[in-house]
Amino acid sequence: MLALVLAPSIFAAQGPAQVAVPKVHFPQTGSAGGKVIIVGFVGGFVSQDDAKHPEVQFGSYLRDRYPLIEVVVFGNHHGRKALHVVARMIDSDGDGVLTPAEKRESTIIVYGHSWGAAEVVTFAHALGQIGIPVALTIQIDTIAKPGSKGAIIPANVASAINFYQTRGPLHGLPEIVAADPKQTTILGNILMTYEDRPIDCRNYSWYARAFNRPHHEIENDFRVWNWSASLIDSTLSETTVRVQAPPPSESPMFGYLRRGFQGQIVAGDQ
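Residues numbered from 1 in each chain as written. Predicted model: local features only at pLDDT ≥ 70, side-chain atom pairs only at ≥ 80, totals over all residues. Heavy atoms only, no water.

S.K.: If you had to explain the overall build of the protein to someone new, which residues and values would you point to?
M.R.: Along its length, the protein carries 8 helices and 10 strands. Within the protein, contacts between residues at least 6 apart in sequence are counted, and of these 74% link residues at least 24 apart. Entry remark: accessible area of the protein is about 11800 Å², with carbon and sulfur atoms responsible for 55%. (Helix = DSSP H or I, 4+ residues; strand = E, 2+ residues; numbered from the N terminus. Contact = heavy atoms within 4.5 Å. Areas by Shrake-Rupley, 256 points an atom, 1.4 Å probe, with all protein chains shown as cover.)

This is the structure we're talking about:
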C-alpha cells in the first residue's frame, strides 16, 4: 500500500482554504510494466494547446517533472477521444484488447477546471464502465454540463479532491461525494476566497476579468496548482522516475502566476 500523507503545511492557505486532510491509503500504483497517465481537461471552449491557461501549463510542468509518464490535455468536449487515447496507451502489447492486468496495473490521474472539471468525473465514469481504475481526480471550480454527474465520484476512483469558490455568475460545485465511500476517499471540498487576495487574470479577456473574475482567479491561483502537484507526487509510486523540480509557483512555466499580488506573497506562502 502506498501511504499518502498531506502535511499540514501543504494546506496552509489563508482563511477558509485551510483544511485538515487525514492520512489515507491508495492501492499500489505504477506497478512494473503498468502505464502512468495524467489527463487534463481545459474549461469552456479553450483549446487544448492554449498555453495561456494553467491546465495546459500544468501539463507541460508534469511532463518535465515525470519524463517517463504520459501527460495529455484535451478540450472538455473531447472526452470520447480522450478515452480512446488512454485505452491505446494502456494497451501495452498493442493487440487492441485490454487485459485485466493492463487495466489493473495502470495509474490514471485526471484534473480539470470549470466544464473541464465536470468532464473529469464524466471521464472517470467512462473509465469505470470498462473496468479501468483511477488513482486521483482533481476538480477546480466545477461547472456542470447538462447531464453531467460532477458531484458524484464513481467507485473506480480511489481518491478525489474539489476546489471551489462561491462568487460571480459562475461558481463551482461546493461538494463532491463518493458513490461508494468504501472505495473512494474524498480528500476535501476546499473553499478558496479572493476578496482580500486578488489574482492576476491577464491571460483572460477584459470581458472575462470584468464579469467572471473569481471563476478565473481560482484557475490562476498558484496555491491550487501547488497542492495539485503535491497530491500527484504523493499518489505516484516511489519507483516513478521524477526530476527534481520546484513547485508550480516557482517554475518558469508558471511565470505569469507570479505577477501582481501573487508575486508579492509567494515567499510568505512557501
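S.K.: Any details on the sheet that holds strand E10 (residues 185-191)? Residues and values, ideally.
M.R.: A sheet is described by the order of its strands in space; here 6 strands give the open sequence E4-E3-E5-E6-E8-E10, paired in parallel fashion. Only two strands of the sheet have a single neighbouring strand rather than two, namely strand E4 (70-74) and E10. Taken pair by pair, the neighbouring strands of this sheet meet at an average axis angle of 10 degrees, ignoring direction. Relative to E4, helix H1 (residues 54-65) is tilted by about 170 degrees, and along the sheet it contacts strand E3 (36-41), E4 and strand E5 (107-113). Packing against the sheet, helix H6 (residues 213-220) makes contact with E5, strand E6 (134-140) and strand E8 (157-164), and its axis sits at approximately 145 degrees to E5. (Pairing = 2+ DSSP bridges. Axes fitted to C-alpha atoms, helices over the stretch in contact; angles between N-to-C directions.)

S.K.: Mind laying out the nonpolar core, listing which residues take part and the relevant values?
M.R.: Residues Phe-58, Leu-62, Phe-163 and Ile-232 are the most contacted members of the largest nonpolar core, which totals 33 residues. The element best represented in this core is helix H7 (residues 222-235), accounting for 6 residues. Sequence-distant contacts of Ile-232, that is, excluding residues within four places in its chain, are made with Ile-38, Phe-58, Leu-62, Tyr-66, Ile-109, Leu-136 and Ile-138. (Core = buried A, V, L, I, M, F, W, Y, C linked by side-chain atoms within 4.5 Å. Buried < 20%, exposed > 50% of the residue type's maximum accessible area, 1.4 Å probe, protein only.)

S.K.: Before we move on, can you summarise the packing of aromatic side chains with the specific residues and values?
M.R.: Each pair of aromatic rings is reported with the distance of its centres and the angle of its planes. Applying the stated criterion to the full structure yields 7 aromatic pairs. Note on Phe-58 and Tyr-61: the rings are 6.1 Å apart at their centroids and 10 degrees apart in plane angle, and the pair reads as stacked. Residue Phe-58 and its partner Tyr-61 are both found in helix H1; the two are separated by 3 residues, about one turn of the helix. Considering the side-chain rings of Tyr-111 and Trp-225, the 6.0 Å spacing of their centres and the 85 degrees angle between planes classify their relative orientation as edge-to-face. Placement of the pair is Tyr-111 in strand E5 and Trp-225 in helix H7, with a sequence separation of 114 residues. Of the residues examined, Tyr-111 reaches a relative accessible area of 1% and is grouped as buried. By relative accessible area, Trp-225 is classed as buried at 1%. (Phe/Tyr/Trp six-rings, centres within 6.5 Å; stacked < 30°, edge-to-face > 60°.)

S.K.: So what about the packing of H1 against H7? Which residues, and what values?
M.R.: Look at H1 against H7: their axes get within 12 Å of each other, and the N-to-C directions meet at 35 degrees. Seen from above, H1 lies across H7 with right-handed handedness. Every residue of H7 that contacts H1 at Pro-54, Glu-55, Phe-58, Tyr-61, Leu-62 and Arg-65 is listed here: Trp-225, Ser-228, Ala-229, Ile-232 and Asp-233. When the residues that make up the contact of H1 with H7 are grouped by side-chain class, the tally is 7 nonpolar, 1 polar and 3 charged. (Left-handed = near helix turned anticlockwise from the far one by under 90°. Nonpolar A, V, L, I, M, F, W, Y, C, P; charged D, E, K, R; others polar.)

S.K.: Any details on helix H2 (residues 79-90)? Residues and values, ideally.
M.R.: Here H2 contains 12 residues, and its C-alpha end-to-end distance of 16 Å stays within 8% of the 16 Å for a straight helix at 1.5 Å per residue. Among all positions in H2, only Gly-79, Ala-82, Leu-83, Val-85, Val-86, Met-89 and Ile-90 are buried. Viewed end-on, H2 has its buried residues packed into an arc of 165 degrees, placing them on one side of the element. Opposite the packed face of H2, turned more than 90 degrees from it, sit the exposed residues Arg-80 and Arg-88. (Expected span 1.5 Å × (residues − 1). Arc of directions from axis to C-beta.)

S.K.: Tell me about the environment of Val-85, and name the residues and values.
M.R.: Tracing the chain through its elements places Val-85 in helix H2. Judged by its relative accessible area of 14%, Val-85 is buried. Separated by 13 residues in the primary sequence, Val-85 and Val-72 have C-alpha atoms spaced 9.0 Å apart.

S.K.: Hey, could you go over the pattern of salt bridges for me, with residue numbers and the actual values?
M.R.: Pairing is possible between side chains of opposite charge, provided their charged atoms come close. Tallying each qualifying case throughout the model produces 4 salt bridges. Between Asp-221 and Arg-223 there is a salt bridge whose closest N-O contact spans 2.6 Å. The buried category is assigned to Asp-221, whose relative accessible area is 0%. Arg-223 sits in the buried class, given a relative accessible area of 4%. Asp-233 is the partner of Arg-242 in a salt bridge, and the nearest nitrogen-oxygen pair spans 2.7 Å. (Salt bridge = Lys/Arg side-chain N within 4 Å of Asp/Glu carboxyl O.)

S.K.: Summarise unusual backbone geometry; cite the residues concerned and give the values.
M.R.: Of note, Ser-114 is a non-glycine position whose phi angle comes to about 60 degrees, a positive value. Relative to the assigned elements, Ser-114 resides in the loop between E5 and helix H4 (115-129). The phi torsion at Asp-141 lies on the positive side, around 50 degrees, for a residue other than glycine.

S.K.: Outline H6, supporting the account with residue identities and numerical values.
M.R.: Buried residues dominate H6, accounting for 7 of its 8 residues. All of the buried residues in H6 are Pro-214, His-215, His-216, Glu-217, Ile-218, Glu-219 and Asn-220.

That's the geometry; what it means functionally is another story.
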